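Working through the structure, step by step
Here is what each chain is made of, one letter per residue.
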Amino acid sequence: GAGVSQSPSNKVTEKGKDVELRCDPISGHTALYWYRQSLGQGLEFLIYFQGNSAPDKSGLPSDRFSAERTGGSVSTLTIQRTQQEDSAVYLCASSLVWGGGAVKTQYFGPGTRLLVL
Amino acid sequence: AQKVTQAQTEISVVEKEDVTLDCVYETRDTTYYLFWYKQPPSGELVFLIRRNSFDEQNEISGRYSWNFQKSTSSFNFTITASQVVDSAVYFCALSSSKETSGSRLTFGEGTQLTVNP
């Protein structure tokens, strides 16, 4: 079946502009994660959605970052007033619902490469 | 807090050599899961293996094998008879089994493996 898809693949923007990154998870996966991969910080967790529960936003680096998930499927990560340090690859992953104490495997999309000039 | 350490930043081998990628983890949780992902030059993270903390059996999948030792908090990955196509960055990751944090992954810094013909 189809894997996790992300769009756009690449995004170049000017400092101060807002950007939206989209993630379409694997069908049937109710858990969705955003991570950021940058040269200085490695792979970092940003935010986690599980079904209709309140998202875990503990990894968001600042209040310029927000994310939503509509209809329990597609998610959008928004970065307002972008800064050069926001340049990174933003990765989305999805998994089956966590349950019974069993961690589920996350499957990743190809990522969005963001460059802030 | 959880932590994953991949001390080998870069490894370069000649094709057909065996190579072991080291992973050491730290966690206070008694139930946890360990993962290996491969990131080829295309950028997508590809899932390789998942192991839970109660299963210390080593696993072999073709040319890949994994050695999990709780006594040393290590989860090492060996590629036998390496091939040029194995060239990639390999990430070790850790996830605990706590509902409040979902299945978020804590990644190591990654090991860049280059297999030369």
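Scroll up to find the structure.
Reference entry: report on the structure contained in this document. (Residues numbered from 1 in each chain as written. Chains lettered and ligands numbered in written order. Predicted model: local features only at pLDDT ≥ 70, side-chain atom pairs only at ≥ 80, totals over all residues. Heavy atoms only, no water.)

Structural notes on the side chain of A:His29
Residues and elements named next belong to chain A. Our working rule: Secondary structure elements follow DSSP: runs of H or I no shorter than four residues count as helices, runs of E no shorter than two count as strands, and numbering proceeds from the N terminus. The buried label goes to any residue with under 20% of its type's maximum accessible area, the exposed label to any with over 50%, and the partly exposed label to all in between, with areas taken from a 1.4 Å probe on protein chains only. It only takes one pair of heavy atoms within 4.5 Å for two residues to be counted as in contact.
Its location among the elements puts His 29 in the loop between β3 (19-24) and β4 (31-38). Residue classification places His 29 among the buried positions, given a relative accessible area of 10%. Not counting chain neighbours up to four residues away, the residues in contact with His 29 comprise Arg 69, Ser 94, Ser 95, Leu 96 and Tyr 107.

Brief notes about the interface of chain A and chain B
Quite often, the size of an interface is put as the accessible area lost when its parts meet. Threshold: The term buried area denotes the loss of accessible surface (1.4 Å probe radius) that occurs when two parts are joined, taken as the sum for both partners. Whenever a carboxyl oxygen of Asp or Glu lies within 4 Å of a side-chain nitrogen of Lys or Arg, that contact is scored as a salt bridge. The definition of a polar contact used here is a pair of N or O atoms within 3.5 Å, where within protein one atom must be able to donate a hydrogen and the other to accept one, and adjacent residues in sequence count solely through side-chain atom pairs. Residues are grouped as follows: Ala, Val, Leu, Ile, Met, Phe, Trp, Tyr, Cys and Pro are nonpolar; Asp, Glu, Lys and Arg are charged; all remaining types, including Gly, are polar.
Taken residue by residue, the interface counts 21 residues in chain A and 24 residues in chain B. Interface area for chain A against chain B, summed over the two sides, is near 1900 Å², with a carbon-plus-sulfur share of 54%. Counting across the interface, chain A meets chain B through 1 salt bridge. The salt bridge partner of A:Asp56 is B:Arg104, with a shortest N-O separation of 2.7 Å. Taken together, chain A and chain B are joined by 6 residue pairs in polar contact (both at pLDDT 80 or more). Elements that contribute at least two residues to the side of chain A that touches chain B include exactly β4, β5 (42-50) and β9 (107-108) of chain A. For the side of chain A that touches chain B, the class distribution of residues is 12 nonpolar, 6 polar and 3 charged.

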